[in-house]
Amino acid sequence: MALFTDYQLNPDLMEGLLSMGYKQPTPIQEQAIPIILNKQDVIACAQTGTGKTAAFLLPIIHNILSSENRHLNTLIIAPTRELVLQIDQQIDGLAYFAGVSSIAVYGGNDGITWTNQKNALENGAEIVCATPGRLMALLQNGDIDFSGLQHLVLDEADRMLDMGFFDDIKSIIKHLPTKRQTILFSATMPPKMRQLAQQITNEPVSVNIAISKPAAGIKQLAYNVFNEQKDKLLDEILSNSEYQSVIIFSSTKDKVKDLERSFLRNKFNAKAFHSDLEQSEREAIMREFKSRRLRILIGTDILSRGIDVDGISLVVNYDVPPDPEDYIHRIGRTARAERTGVAITFINPKDQMRFLTIENLMGIEVEKPIIDESYGPVPAYNAEEIKKPKPPQKGNFKRKKFFKKK
Ligand code: AMP
């Protein structure tokens, strides 16, 4: 197992790292950091939640600190304002003691003028973190000198292509020096992505943190429902006595408690398992469940990792987990050790995109039976539609900290 001290990072950067509470590199960091420190191009396949942001920020900040040309040294392009801000916040944290400055440039509508935006880029921070549309507009209207650029990062590159930014990205790259280090992160690698990656990188090293695949014995089903339809559907599913041992997952503790109360009313043999319970209570519930005295266990994702109970016949996802790995862990509670099991997910309209991401990562489309007419109208399933790019917004930007923080 690697340690951060193995990389001999700048001491100020190490201090930032410790203050962020990172103790050990994650697998993607373990793979990517040495390659980026070695100034090689990288094509990395890794999802959100793997520590991918620090995997490129740490070596880049280290390189900047030992670089002579720090003005507009690094350009990070990411698909959304939220992601740009998240990356910028991580730079704030990691570079706090190193005094590396960054600006976040993204679309929006807070009325800050073009002149201010251009000035911010012209007077330059070391790292620019931008959405493609906004940056493209600035480049077309301003005189931004990227000739000293040393690092280009494309983060969540597949999402940028999905959102229709392929041409913008190619145009932006024309403004950058060809001699640079290019780092591309993507959750998936569809053919168009590979094509772009090959065009913009130079002898890249591939890094791959593969998502686990669900066991083959799991039959997965998903229902498109409105929230108000979930309880009735759950009752109907649980009335099937073939499901003798059931786990129901919900993302929130409150919902877990709600479900326990409603199951008590409906006389289902069910108990909630969550972090408010004493350790001894949790152990007692788990014993009941393992010995089949308890039929239904309801829990948050603390249940999804690690519990080792054989013979669970059904897993219900009352909602779609935000992290695809959690989905795999949740449904992996059934069909253990070569048995078969069923995993049913309820998708409300808000969760449709999330579920599509999970399907893309697993590389399968989950069967989606339509609920009976007696439930009333069901939501249309239009995750593909949601993915289409939204019209461009007027821009704003954030400028900050061109001074060394100590
Ligand atoms: P990301 O995949 O970059 O979105 O990171 C997911 C979360 O993991 C963020 O909250 C990071 O701050 C955190 N993180 C990144 N690297 C580490 C690490 N080595 N140890 C602990 N947490 C980390």
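As the structure is a computational prediction, the values presented were derived from the model and not from experiment.

Draft legend 1. Examining the side chain of Glu126 more closely. Along the polypeptide, Glu126 turns up in the loop between helix H5 (114–123) and strand S4 (127–130). Overall, Glu126 belongs to the buried group, its relative accessible area being 11%. Of the polar contacts made by the side chain of Glu126, one reaches the backbone nitrogen of Ser101; its length is 2.6 Å. Apart from residues lying up to four places away in sequence, Glu126 is in contact with Ile64, Arg70, Leu72, Asn73, Thr74, Gly99, Val100 and Ser101.

Draft legend 2. Looking closely at the confidence of the model for the protein. Mean pLDDT over the protein stands at 85; residues scoring 70 or higher make up 88%. Every residue in residues 387–406 is under pLDDT 50, and counting partners more than four places away or in other chains gives 64 contacts.

Draft legend 3. Seen up close, the pairing of strand S13 (residues 341–347). Counting buried positions over the seven residues of S13 gives seven, a clear majority of the element. Burial along S13 is two-sided: the face carrying Gly341, Ala343, Thr345 and Ile347 and the face carrying Val342, Ile344 and Phe346 are both buried. Note that strand S8 (residues 218–224) and S13 share seven bridges and pair parallel. In the strand pairing of S13, Ala222 is matched with Thr345.

Draft legend 4. Spatial organisation of helix H1 (residues 11–19). Residues of H1 that are buried include every one of Leu13, Met14, Gly16 and Leu17, and no others. Viewed end-on, H1 has its buried residues packed into an arc of 160°, placing them on one side of the element. In H1, those exposed residues whose orientation departs by more than 90 degrees from the buried face are Pro11 and Leu18. Along its buried surface, H1 packs onto helix H3 (52–65) and helix H4 (81–94). Sitting at the amino-terminal end of H1 is Asn10, which places a side-chain oxygen 2.8 Å from the backbone nitrogen of Asp12.

Draft legend 5. A look at the environment of Glu288. Note that Glu288 resides in helix H12 (residues 279–290). As for Glu288 and Lys271, which are separated by 17 residues in sequence, their C-alpha atoms are 9.8 Å apart.

Draft legend 6. Region of interest: the sheet that holds S8. The strand order across the open sheet built from six strands is S8-S13-S12-S9-S11-S10, with neighbouring strands paired in parallel fashion. With partners counted over all chains shown, the strands left at the sheet margins are S8 and strand S10 (270–273), one partner each. Each strand of the sheet is rotated relative to its neighbour by a mean of 20°, with strand direction disregarded. With four bridges joining them, strand S9 (residues 246–249) and strand S11 (residues 296–299) adopt parallel strand pairing. Residue pairing for S11: Ile247 is matched across the bridge by Leu297.

Cut-off values and rules
Residues numbered from 1 in each chain as written. Predicted model: local features only at pLDDT ≥ 70, side-chain atom pairs only at ≥ 80, totals over all residues. Heavy atoms only, no water. Helix = DSSP H or I, 4+ residues; strand = E, 2+ residues; numbered from the N terminus. Buried < 20%, exposed > 50% of the residue type's maximum accessible area, 1.4 Å probe, protein only. Polar contact = N/O pair within 3.5 Å; in protein donor to acceptor, adjacent residues only side chain to side chain. Contact = heavy atoms within 4.5 Å. pLDDT = per-residue confidence, 0-100. Pairing = 2+ DSSP bridges. Arc of directions from axis to C-beta. Axes fitted to C-alpha atoms, helices over the stretch in contact; angles between N-to-C directions.

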